[in-house]
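Close look at the chain arrangement
Residue-level listing of the chains:
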Amino acid sequence: MESVELRTESREVRGKKVKRLRASGWIPAVMYGPDTPARPIQIEERALYQTMQQAGSTALIALYVDKESSSNMVLARDIQRDILTSQILHVDFYQVRMTEKVKTMPRLVIVGKSPLVSAGGAVMIQAMTEVEVECLPTDLIDSIEVDVSGLETLDDNITISDLPVPDGVTFLADPGDVVTSLVAPRLTLEEEEELEAEAELELEAEAEFEAEAEAEEEATAEE
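Residues numbered from 1 in each chain as written. Predicted model: local features only at pLDDT ≥ 70, side-chain atom pairs only at ≥ 80, totals over all residues. Heavy atoms only, no water.

**Digging into the pairing of strand β3 (residues 36-44)**
Pairing geometry for strand β1 (residues 4-10) and β3, over 2 bridges, is antiparallel. Looking across to β3, one finds that Glu9 is bridged to Gln42. Alignment of strand β2 (residues 26-33) against β3, held across 7 bridges, turns out to be antiparallel. Looking at β3, one finds that Ile27 is bridged to Ile43. Connecting β2 to the next strand, β3, in antiparallel fashion are 2 residues. (Pairing = 2+ DSSP bridges. Helix = DSSP H or I, 4+ residues; strand = E, 2+ residues; numbered from the N terminus.)

**A look at the sheet that holds β1**
Through backbone hydrogen bonds, the strands of a sheet pair up, either in parallel or in antiparallel fashion. Pairing is mixed around the closed barrel formed by 6 strands, whose spatial order is β1-β3-β2-β6-β5-β4. Across the sheet, the mean angle separating the axes of adjacent strands is 45 degrees when strand polarity is ignored. (Axes fitted to C-alpha atoms, helices over the stretch in contact; angles between N-to-C directions.)

**Side note on the nonpolar core**
The nonpolar side chains of soluble globular proteins are, as a tendency, buried together. Formed by 26 residues in total, the largest nonpolar core has its most connected members in Leu108, Val131, Val146, Ile160, Leu163, Phe171 and Val179. For this core, the secondary-structure elements that each account for two or more residues are β4 (61-65), β5 (72-81), β10 (133-135), β11 (143-147) and β14 (178-183). Judged by nonpolar contacts, the second largest core, of 19 residues, contains Val4, Ile41, Ile61 and Ile88. (Core = buried A, V, L, I, M, F, W, Y, C linked by side-chain atoms within 4.5 Å. Buried < 20%, exposed > 50% of the residue type's maximum accessible area, 1.4 Å probe, protein only.)

**Thoughts on a nonpolar patch on the surface**
A surface patch of nonpolar side chains, about 200 Å² in accessible area, is lined by Val123, Ile125 and Val183. Among the secondary structure elements, Val123 is positioned in strand β9 (residues 123-126). (Patch = residues over 30% accessible without salt bridge, like charges linked within 9 Å, V, L, I, M, F, W, Y side chains within 5 Å. Areas by Shrake-Rupley, 256 points an atom, 1.4 Å probe, with all protein chains shown as cover. Salt bridge = Lys/Arg side-chain N within 4 Å of Asp/Glu carboxyl O.)

**Let's talk about the sheet that holds β9**
Strand order across the open sheet formed by 3 strands is β9-β14-β12, with antiparallel pairing between neighbours. The open sheet is flanked by β9 and β12 (157-159), the only strands paired with a single partner. Between one strand and the next, the sheet's axes are offset by a mean angle of 15 degrees, whatever the strand orientation.

**Details of the side chain of Gln42**
Along the chain, the position of Gln42 falls in strand β3. Residues in contact with Gln42, not counting those within four places in the same chain, are Thr8, Glu9, Ser10, Arg11, Leu21, Trp26 and Ile27. (Contact = heavy atoms within 4.5 Å.)

**Concerning the pattern of salt bridges**
Across all of its chains, the model carries 4 salt bridges by this definition. The residue Glu5 makes a salt bridge to Arg7 at a minimum N-O spacing of 3.4 Å. Classification of Glu5 by relative accessible area gives partly exposed; the value is 48%. Measuring nitrogen to oxygen at the nearest pair gives 2.8 Å for the salt bridge that ties Asp35 to Arg97. Pair noted here: Asp35 is in the loop between β2 and β3 and Arg97 is in the loop between β6 (88-95) and β7 (102-104), with a separation of 62 residues, a long-range link. A residue is classified by how much of its surface remains accessible, and Arg97, at 29% relative accessible area, is partly exposed. What emerges from the salt-bridge pattern is a single network uniting Asp35, Arg97 and Glu100.

What follows is the structure in structure tokens.
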């Protein structure tokens, strides 16, 4: 996977003052790693958003600090966002060793169509949208395709063990974990209302039967 380039600057602003930093269009961040002490940096907001759209947390980022000519190969590890606006508040960048494996969470992308779903006989449930993997930084992937065209009955499903394994990548999830499965389609609102009406009629009939039975018992007791 190719890396995405990101230019940053050293950061002097700390603590509560970072609010002013964000207000001026900069996002606070930290770069750290096994060979790098924590280094406060700041990133122009627009550049950061463009980089995150391209790289996310599964692609290498060639991060430059100030006017340094050499880059730091990093992964975005912890992306903090505002709960209400989803605005990025802070990012941790982990500097990787290119000879050591790293863990990431590539997306699971559904491809193909299930014949049973297309015919209206089932609804597909996607139980997992990403999966944890381990690989060298040079083997990083951002997604894995899940082909559902073979799901033909309600007993069919796709597990981790059924997924294609990219070269150099190891799945860390349980091989038996279900990724997608099929379930019977829900009833329409009209069908649900009809069933509810039938159930109410049955309850009424049972109540009438019980009332008649009680009346007969009382009459027999009086005799």
